[in-house]
Amino acid sequence: MTEPLIFELSVPGRKGVLLPDPDVPEAELPEDLLREDVPLPEVSQVDVVRHYTRLSQRNMAVDTTMYPLGSCTMKFNPRVNEDAARLTGFAAIHPLQDEATVQGAMHLMYELQRYLAEIAGMSAVSLQPAAGAQGELTGILMMRAYHAARGDHKRTKMLIPDSAHGTNPASSAMAGLTVVELPSDPRGNVDLEALKANLDDTVCGLMITNPNTFGMFEEHIEEVCQLVHAAGGLVYGDGANMNALLGIAKPGEIGFDVIHYNLHKTFSTPHGGGGPGSGPVAVNDKLKDFLPGPIVRARETEDGDIVYEWYTPPHSIGRMRAFHGNFGVLVRAYTYIRVHGEAGLRAVSQHAVLNANYIQARLKGTYRFPHGDRFCMHETCAQGIIAGAPSIVALDISKRLIDYGFHPPTNYFPLPKLVPEALLIEPTETESKDTLDRFCDAMLRIAEEARTQPELLKEAPHYAPMRRLDEVKAARELVLCCVIRE
Ligand SMILES: *Cc1c(COP(=O)(O)O)cnc(C)c1O
């Protein structure tokens, strides 16, 4: 069934709103601003509401179903965050307003900087970066600036484990560094011997995700950091997986020099469909003078009042973004942190880890888990390989899950050369045991179907508004505007 375009619902003369009589004199519009050739649909209000509500329901969303998309932390977005972000004092201010008129917003940013520094065990934070990947670029540019400030210009290599997110090598290359890939060992940790073999005075640093994209905590992470430091390098932590660590482990204490957060993942602000995100960076004393500005600092006046002011650190790498970051996202993340408090955030991570391990335990006998002999962190990496169903691949299992009402896990990441047929499952802490059980039941039934009726999987999804899409064609021949069918 294809949905009609809004234009196809158009009936001449039909109206969606009743405009009040004008209370100002009517005036002629300038001729040259009026165009007859821009058709607008003439539709009733009820048609518009139903049309867009129907369209909105043709996608899977965290508000309609469990969305275990590994590495993306698709947790429920509490509505209190939205209430806070919509307060007029936050929503209706302008970034060019005078400092004195936006003290409340600056206070919030100051507090958020402090919370994020505390959670990471770091000394300073910049809220500028607009997403995780931009946080990465920011961190790497700071690492480069740090070496350059010491007159150490040889350091042009970034070591990155093969279990890294694809943005890590991309950001390093963008910052002008040469990427050296480090293999993983059989337990899913970075291979220590390979690390040692690559450490020399040309290493800018190591960029590592912990927990890594197998969902495993790096067992030798402290030693890894020490080795890199001993060679004069810095350690970048991709903090997109902080959902496993809140209140439990601090990257700054482990030995990281800089991390980025994904506020839109860990701190529950809505994401997907391209934004808006927020990727603040937290750094230790080595890097704090290089942070992008402006950041907010507090100053005590002679009368003992606290005023907030913009501040750019002395050796700042400059701005990473216009104005002050995605402020609405910052308000949501701040609200989330305040609502949970210290104990609440720790509980978030404990439940996220428990939920992922529950799924791993229930599916282990049926699906393969490359590191199933270890406990996972907040996500678990399964393989879409089912004994007795040789034709079935991860994609078939994911497409069949849609028929059962679940968004699929992340497919083919980690990369096939590391984990063939990867299905990276991240339930998040916001799913109840009942929902986890329904998901596991569906996965187990799909495995049974794979053996007995493989065509059911091959032709899935059967009940979705769209069947299998040609994703390559969709990406190559992107159509972003509405084409009116004659
Ligand atoms: C999501 C993610 C990123 C990139 O973050 P964006 O906000 O999408 O730019 C980087 N690393 C890891 C491990 C991630 O999961």
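Residues numbered from 1 in each chain as written. Predicted model: local features only at pLDDT ≥ 70, side-chain atom pairs only at ≥ 80, totals over all residues. Heavy atoms only, no water.

1. Comments concerning the site of the ligand
No. 1: Near the ligand lie 13 residues; those nearest to it are Ser-71, Gly-132, Asp-238, His-264 and Lys-265.
No. 2: A distance of 2.7 Å separates an oxygen atom of the ligand from a polar atom in the side chain of Ser-71.
No. 3: Side-chain polar atom of Asp-238 to a nitrogen atom of the ligand: 2.5 Å apart, as the coordinates give it.
No. 4: Here the ligand has 380 Å² of accessible area as a free molecule, and 86% of this is covered by the chains.
No. 5: Where the shell around the ligand is concerned, the elements lending two or more residues are helix H5 (132–149) and helix H10 (263–266).
No. 6: In the shell around the ligand, the residues fall into three nonpolar, seven polar and three charged. (Near = heavy atom within 4 Å. Polar contact = N/O pair within 3.5 Å; in protein donor to acceptor, adjacent residues only side chain to side chain. Areas by Shrake-Rupley, 256 points an atom, 1.4 Å probe, with all protein chains shown as cover. Helix = DSSP H or I, 4+ residues; strand = E, 2+ residues; numbered from the N terminus. Nonpolar A, V, L, I, M, F, W, Y, C, P; charged D, E, K, R; others polar.)

2. Overview of the sheet that holds strand E5 (residues 234–238)
No. 1: One open sheet holds the seven strands; their spatial order is E1-E7-E6-E5-E4-E2-E3, and the pairing between them is mixed. If you trace the sheet from one side to the other, it starts and ends with strand E1 (124–126) and strand E3 (178–182), each paired once. Going from strand to strand, the sheet's axes swing by 20 degrees on average, the running direction of each strand aside.
No. 2: Of the strand pairs in this sheet, E5 and strand E6 (residues 258–260) are connected by three bridges, and their pairing is parallel. Paired with Tyr-236 across the two strands is Val-258, which belongs to E6.
No. 3: Strands E1, E6 and strand E7 (281–283) of the sheet are contacted by helix H4 (residues 103–120), whose axis makes an angle of about 125 degrees with E1.
No. 4: The strands touched by H5 within the sheet are strand E2 (157–161), strand E4 (203–209), E5, E6 and E7, with E5 carrying the most contacts at an inclination of about 175 degrees. (Pairing = 2+ DSSP bridges. Axes fitted to C-alpha atoms, helices over the stretch in contact; angles between N-to-C directions. Contact = heavy atoms within 4.5 Å.)

3. Side note on the pattern of salt bridges
No. 1: Counted by the stated rule, this structure contains 30 salt bridges.
No. 2: Between Glu-449 and Arg-400 there is a salt bridge; the shortest N-O distance is 2.8 Å. Highlighted residues: Glu-449 in helix H13 (residues 433–452) and Arg-400 in helix H12 (residues 394–403), separated in sequence by 49 residues. (Salt bridge = Lys/Arg side-chain N within 4 Å of Asp/Glu carboxyl O.)

Interpretation in functional terms is not warranted from these geometric data alone.
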